[in-house]
Amino acid sequence: MTRGTTTTGTVRRVTGAGSDFANHCMELLAPLGPVLARRMFGGFGLYVDGLFMAIISRDELYLKADAASQARYVDAGCEPFRYAKSGKDGQQEVASLNYFRPPEETLESPALMLPWGRLAMEAALRSANAKPKASTAKKRAGTTAEPSTEKKVKPVKAAAPVKRSPGAGRTGRTKAGG
């Protein structure tokens with residue numbers, strides 16, 4: 001277990017700055033599966049069952065969205081995650097990611113958060129399934145789609161013949177009659 005965390009049920013609690021709100025959000029998302037928070041960029045990234053699905057920044061929760069779910073957040077009046085960044089010309093710009101604050105009332109109970117958490121989980125699953133695994137793509141480049149069932153066997157080197165000296169292995173007995 002990492003320093004500054006404790007485990008309670010399916011939530012691994014965090015300690016330190018901003019941890020009270022992070023722990024509250026983790027409790028809200030716990031019905032979806034095991035929740036883990038990792039510090040990132042002055043806030044937290046929340047993982048549910050191993051999927052990155054939420055950001056906590058400045059004590060605000062933002063849930064993952066995608067093309068299939070974004071309209072639902074917009075229709076509910078949810079604000080997107082925005083941050084300042086430097087543009088190519090050095091000027092500050094406002095950028096946004098595909099994460100949205102859930103409706104305010106969802107922060108009151110896990111039951112109210114559940115449908116929005118599921119929406120974020122679905123977006124995280126679609127995102128994870130859309131990305132090809134780099135190592136698999138490299139290994140299969142130029143091969144057929146059928147996985148090989150043959151096992152590679154290392155060739156066994158034949159043992160070199162043992163050279164014996166002419167008198168080796170004799171016991172000192174002589175032939176009878178000779």
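All figures in this text were calculated on a predicted structure; none of them were measured in a lab.

For the rest of this paragraph, the subject is the pattern of salt bridges. Per the counting criterion, the structure on display carries 3 salt bridges. Arg101 is the salt-bridge partner of Glu60, the closest N and O atoms lying 3.3 Å from each other. With Glu60 in strand β6 (residues 60-64) and Arg101 in the loop between β8 (92-100) and α3 (110-130), this pair connects stretches of sequence that are 41 residues apart. Taking the relative accessible area as the measure of exposure, Glu60 reaches 28% and is therefore partly exposed. Looking at Arg101, the relative accessible area reads 27%, which means it is partly exposed. Between Arg82 and Glu79 there is a salt bridge; the shortest N-O distance is 3.4 Å. By relative accessible area, which is 42% here, Arg82 ends up partly exposed.

With that settled, the discussion passes to the pairing of strand β7 (residues 80-86). In terms of strand pairing, β7 meets β8 through 7 bridges, oriented antiparallel. Directly across from Lys85, in β8, lies its bridge partner Glu93. Hairpin connection from β7 to β8: 5 residues lie between these consecutive antiparallel strands, with Gly90 at a positive phi of about 85°.

Scoring rules and cut-offs
- Residues numbered from 1 in each chain as written.
- Predicted model: local features only at pLDDT ≥ 70, side-chain atom pairs only at ≥ 80, totals over all residues.
- Heavy atoms only, no water.
- Salt bridge = Lys/Arg side-chain N within 4 Å of Asp/Glu carboxyl O.
- Helix = DSSP H or I, 4+ residues; strand = E, 2+ residues; numbered from the N terminus.
- Buried < 20%, exposed > 50% of the residue type's maximum accessible area, 1.4 Å probe, protein only.
- Pairing = 2+ DSSP bridges.

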